[in-house]
Amino acid sequence: MSTWEFDTTTGAGSEIVTVVYEYEYDGETTYNESIKEIWFEGRDVIGLLSDEQFKELEIEAAMRFQHHKLNYKMEDV
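Below is a summary of the structure that appears in this document. (Residues numbered from 1 in each chain as written. Predicted model: local features only at pLDDT ≥ 70, side-chain atom pairs only at ≥ 80, totals over all residues. Heavy atoms only, no water.)

### Thoughts on the overall build of the chain
Summing up its helical and strand segments, the chain has one helix and four strands in all. Ordered by position from N to C terminus, the α and β elements of the chain give β-β-β-β-α. Relative to the compact-globule value of 11 Å for 77 residues, the chain shows a C-alpha radius of gyration of 13 Å, a close match. Counting the 77 residues in the chain, one finds 29% classified as buried. Within the chain, counting contacts between residues at least 6 apart in sequence, those at least 24 apart form 33% of the total. (Helix = DSSP H or I, 4+ residues; strand = E, 2+ residues; numbered from the N terminus. Rg over C-alpha atoms; globule rule 2.2 N^0.38 Å. Buried < 20%, exposed > 50% of the residue type's maximum accessible area, 1.4 Å probe, protein only. Contact = heavy atoms within 4.5 Å.)

### Some thoughts on the pattern of salt bridges
Within the structure shown, the criterion is met by two salt bridges. For K69, the salt bridge goes to E33, with nearest N and O atoms at 3.3 Å. One end of the pair, K69, is in helix α1 (residues 51-71); the other, E33, is in strand β3 (residues 30-40), and 36 residues separate them in sequence. Owing to a relative accessible area of 26%, E33 belongs among the partly exposed residues under this scheme. (Salt bridge = Lys/Arg side-chain N within 4 Å of Asp/Glu carboxyl O.)

### Considering the nonpolar core
Among the nonpolar cores identified, the biggest contains 13 residues, and W4, V19, Y21, I35, I38, L57 and A61 are the most heavily contacted of them. In terms of residue count, strand β2 (residues 15-25) provides more of this core than any other element does, four residues in total. Apart from the residues lying within four places of it in its own chain, the contact partners of V19 are W4, E5, F6, T8, I35, E37, L57 and A61. (Core = buried A, V, L, I, M, F, W, Y, C linked by side-chain atoms within 4.5 Å.)

### Things to note about unusual backbone geometry
You will see that S14, though not glycine, has its phi angle at about 50 degrees, which is positive. Position of S14 among the secondary structure elements: in the loop between β1 (2-10) and β2. The backbone phi angle of E41 is positive, close to 50 degrees, even though this residue is not glycine. Assignment of secondary structure puts E41 in the loop between β3 and β4 (43-44).

### Some thoughts on the packing of aromatic side chains
Applying the stated criterion across every chain yields a total of four aromatic pairs. Each ring, one from W4 and one from F6, has its centre 5.3 Å from the other, and the planes form 35 degrees; the classification is tilted. Looking at W4, the relative accessible area reads 14%, which means it is buried. Clustering of aromatic rings is evident, with ring pairs tying together W4, F6, Y21, Y23 and F65. (Phe/Tyr/Trp six-rings, centres within 6.5 Å; stacked < 30°, edge-to-face > 60°.)

So, in structure tokens, the structure goes:
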């Protein structure tokens, strides 16, 4: 498994979190993509988010990762 990270905001206070997105790469395409961890102030808070917050971050992560793959060679990911 490989990982890719990005910062975003979530919650009512728009707190900054770091999303760790994991995926597998077979040399041609990526698969098994999902959020592995969500870090806030040095702690993994993935279990503290509501289902709605998590789903929103999952959608954002998938869109950002697709954009990232289009703009960078996968060897660099």
